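# An overview of the molecular structure
Next come the chains, spelled out residue by residue.
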Amino acid sequence: MLRRLSLSIWGLFLGLLLMLLALGYLAMRAAADRLVPRITSQMVGLRAAGSESLFLQAEQSVDRLHRELLARLTRADARTALERFDTLFVLDQDGLWRLRPDLVDPEHAPTLYLHQPAQGLGESARIRAVVAFDLLREQGPALVPPFYSVYMDFVEDGLLVYSRGRNLAAAATASYTNRDYPTMQGSQPQRNPLRQRFWTPVYLDHQANTWMVSVIQPLDWQGQWVGTVGHDVAIQTLLEHNAAADEVDGLNAVISRQGDLIAHPQLHRWTASGNRPLRITTLGDPLLTQAFATITAAGTAQGARRSPDGRLWVAWATIHGPGWYQIYVLPQALLDRLLAWGLAALFAIGVLGLLPGMWLLRRRIERLIARPLRQLTRAADELSQGLDPNPVVLDGNDELSRLATAFNDMVEELAQQRALQQAHAQALQTEVDDRREFMQRLEEERTRLHTLLGAMRQGILFVDAQQQVVYCNPAFLGIWGFASADRVIGRNAVEGLAEIVPLLSDPAALQARLAHAIEHPLEPAHFEIPLKDGRIITHDAYPLQDAQGRHMGRLWVQEDVTREREVAAQLVALAECDTLTGLHNRHRFEQDLDAFFHTAERTPSQLALLVFDLDEFKYVNDTYGHRAGDAVLNRVAVEVRTLIRSEDTLYRLGGDEFVVLMAHASQHEAAQLAERIVRRITQIPQEIEGQTLRLTCSLGIAHFPTHAGNIQDLLAHADTAMYQAKHTGKNRWSIYRPDHDASRAMAIHLSWNDRIAEALERGRLRLHFQGIYRARDGHLEHLEALLRMEDAAHPGTLILPSEFIGHAEKSGKILDIDRWVIRQCIGLLAAHPHLPALAVNISGRSFDDPDLPAFIADELRQRHVAPRRLLVELTETAAVSDMGDAARFIAALRRTGCLVCLDDFGAGFASFAYLKHLNADILKIDGMFIRNLPQDIDNQAFVRAIIEVARGMGKQTVAEFVEDGRTLLMLREMGVDMVQGYHLDRPKAEHPALHPPPFRARE
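An account of the accompanying structure is given in this report. None of these values were measured; they are calculated from a predicted model.

Below, the discussion takes up helix α17 (residues 626-641). Given a rise of 1.5 Å per residue, 16 residues ought to cover 22 Å, and the 22 Å separating the end C-alpha atoms of α17 matches this to within 8%. Residues of α17 that are buried make contact with β21 (607-614), α16 (617-624), β22 (649-654), β23 (657-663), α18 (667-682) and β24 (685-688).

And the structure:
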């Protein structure tokens, strides 16, 4: 059977092979008829374009040379040219003018032969000879390649020519003439009246013994024909080009429109002695004859078609310029040979593919048919003999495989039934094991859930759909004072309410809410439960549903928020109350002033604003310390509060600046109160370190709507009035006067601008340093650089930054000051490698300087200082005023590697909210919370909150203004990281850390 199948398939394959060969031949023949014209036409077009580029280049070169020669002839000085002619040329004995022998240089200069007329050589010819000689010597070496030569004919029967390395004039004799050359004949005015550029027919140059074609431009000068300018192109170039491009036995040639043979690979066979082109009709070459006839019959500039006798493919393209044809002739016999070879190749490929295919087919039949049949036959014999046959193993899904499968199924049916029973028993055992494991995991999850609920600080209670309590955690029992869970679990939630009624402030409201929850079990609930003891319990209830969406009870979550509410109330008080004096602070002042103006928009009213500060208060702080200054401020607040009306409000805005807001007050009433305040402050005796001080104040009054119509102008005018009072001698009050405002303020501002600029230019800025220490052990952590300015009028006297920084910020000089401080500090770090770090303060105006972080990085890199040794301090109030710029500025600083400290932290109520946006490394707590820390419980709560928040966010804290040991101990107990203040260190120019003691080795 296998042999019969093989013979049948052999016959089928041979039939298919013959059919494919016939179809392949027809397809190749059709493809050749379509592709040969396209390919040969494109090939000839490319060759024509290549030849044409040479002629176009020659035409452009001749045009430019003609223009340049005429321009030089026009500019030439006749006398100079005639003298130069005698130095260049000499008349030989044969009557020809030639280049002097010592000047002959065929590589770089042209040569000349020029007949001497009977009347002598005229001036025009000599001028042309000199100008053309200079022109061809300059440009000939660059013009000749790829042409044969560049020249100028003379009507006086002469030629000035340059061809690299060829002295073409050397072979000229007295009988030699160029008058009968096509170049001269085509330039004659009667033959070329339009004086157009033209191409000559192909001619044989006897002197060069080369077939040529020339591009000629007639040369007219001074109104008459004087010669030509031209290039010679050697036909040998085209001959070599076509001889080298003889593809697949085809013929490449160049012919003219008149039927002259211009270029041919075998042109030497028809070389004649004359100078006339070869006529195709006289050569007797059948290929050329058929090709010319095909082109003539087509009458197109470019194309490809079969010759009239059908034996040739002819492709042609026009070479613009001389108007020749580039042709390519491909014999049809050559294509037939190629097709025959292709057919033979297809036959060989088919035969070579058939032999292994037959071998593979035989093996395939053996594996798929013969071998399975033998196995089935053997198994059937064993089964018929009563034996237990082995299973027949066959791969695939054909009929024999399915037959083997059915046979195997029949043999193994009993064994499968026994295996099925055994598998069923095993499945039952596995199910029992899975359920046991599931119950164990369920118990573990229950234990973890009870542990989690028991550890929560919120009270958790579950009630089922019948309002029965099924679970409560210890926190729930603690909130309501239940001794054990037995008193709650298993009871009705509404009935259990009776036990907590004595604790409730409003039992009826709670009962009504629970009744509403029972009526609407699928609605969540949220409310607060106030107790009689002052506690507040939040209650949240959530409905519970099973996997099928059925209601199965509710979850109660209760939490005692009493402490959180108290802390929030304290924070609100701190945000609106000055911690030192107990007065309202700037935040509350701005709120009250804004509320008044909103009311005034609807109801016309009047308002007086009294702004005052203490004269020379800075002297008290600098001389006796901030503790003494705080005592003075407290005394002033107490005394002034007794003078104002009940409807008036006294605020402390910061430092020694106070404001009185008098609603519904006239200017007269404001003036009376101002007089009492100024007089009372002068009467306050202050005992400080055994000395009695008498303070004075300067007070300014601005009235709404008399002096201003909005908040900003009212504040500015009140402040201006206060400074008007200061400038008139202090210890007095003044009502705002517009005529005394601008000139004096501008004078003060300009004066400070000049002083700051002079200090920068003359080096009057100074740095003092104060140590910042670790709270736990007193070790020096780093130094803070503090700016001072030397008073030019009083050398040796230092001006504190509070007096000039404000003016520097307004004028923009603060940016130069910041860079000066940074440069000095980085220089100190470079000069003192033992210093741990230096902290520098940056103004809020520097947020507008995007180049400052790059400046810091460049300085650190140039001085080779580790970036973490420089700590940049930014005030919190400046950062919060422009959160976007501050966040971008801090991010840029952190990319330099420097540490960032947020100074005066806590001065704004929004400090905690903005911490996540201002990604600082260190928080410096505002000194107003530290000065009186042991005596102020509110300050203690706020400082402890700052430290806890900072520790939770991974930030360090610094407490400034530490002025006694008790404050230091309390801060250490609170967990502050670093401390700074007069108790530890005072600012000084020569800090001991800058000059560490020398190292001594142990003896």
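Now for the packing of aromatic side chains. Tallied over the full model, the rule gives 13 aromatic pairs. Centre to centre, the rings of phenylalanine 596 and phenylalanine 704 are 6.0 Å apart; their planes meet at 85°, and the pair counts as edge-to-face. Note that phenylalanine 596 is positioned in helix α15 (residues 586-602) and phenylalanine 704 in strand β26 (residues 697-704), a separation of 108 residues in sequence. A residue is classified by how much of its surface remains accessible, and phenylalanine 596, at 11% relative accessible area, is buried. Between phenylalanine 612 and phenylalanine 658, the ring centres sit 5.3 Å apart and the planes meet at 15°, which makes this aromatic pair stacked. Separated by 46 residues along the polypeptide, phenylalanine 612 in strand β21 and phenylalanine 658 in strand β23 bring together distant segments of the chain. Grouping residues by exposure puts phenylalanine 612 and phenylalanine 658 together as buried. When the ring centre of tyrosine 982 is taken as reference, the NZ or CZ atom of arginine 986 above it lies at 4.1 Å.

Cis geometry marks the peptide bond from phenylalanine 704 to proline 705, where omega comes out at 5°. With respect to the element layout, proline 705 can be found in the loop between β26 and α19 (711-727). The phi torsion at histidine 664 lies on the positive side, around 60°, for a residue other than glycine. For histidine 664, the location among the structural elements is in the loop between β23 and α18.

Turning to its location among the elements, serine 605 is positioned in the loop between α15 and β21. Looking at serine 605, its side chain comes within polar contact range of the side chain of histidine 664, at 2.8 Å. When sequence neighbours within four positions are dropped, the list of residues in contact with serine 605 reads Phe596, His664, Phe704 and Pro705.

Cut-off values and rules
Residues numbered from 1 in each chain as written. Predicted model: local features only at pLDDT ≥ 70, side-chain atom pairs only at ≥ 80, totals over all residues. Heavy atoms only, no water. Helix = DSSP H or I, 4+ residues; strand = E, 2+ residues; numbered from the N terminus. Expected span 1.5 Å × (residues − 1). Contact = heavy atoms within 4.5 Å. Phe/Tyr/Trp six-rings, centres within 6.5 Å; stacked < 30°, edge-to-face > 60°. Buried < 20%, exposed > 50% of the residue type's maximum accessible area, 1.4 Å probe, protein only. Lys NZ or Arg CZ within 6 Å of the ring centre and 35° of its normal. Polar contact = N/O pair within 3.5 Å; in protein donor to acceptor, adjacent residues only side chain to side chain.

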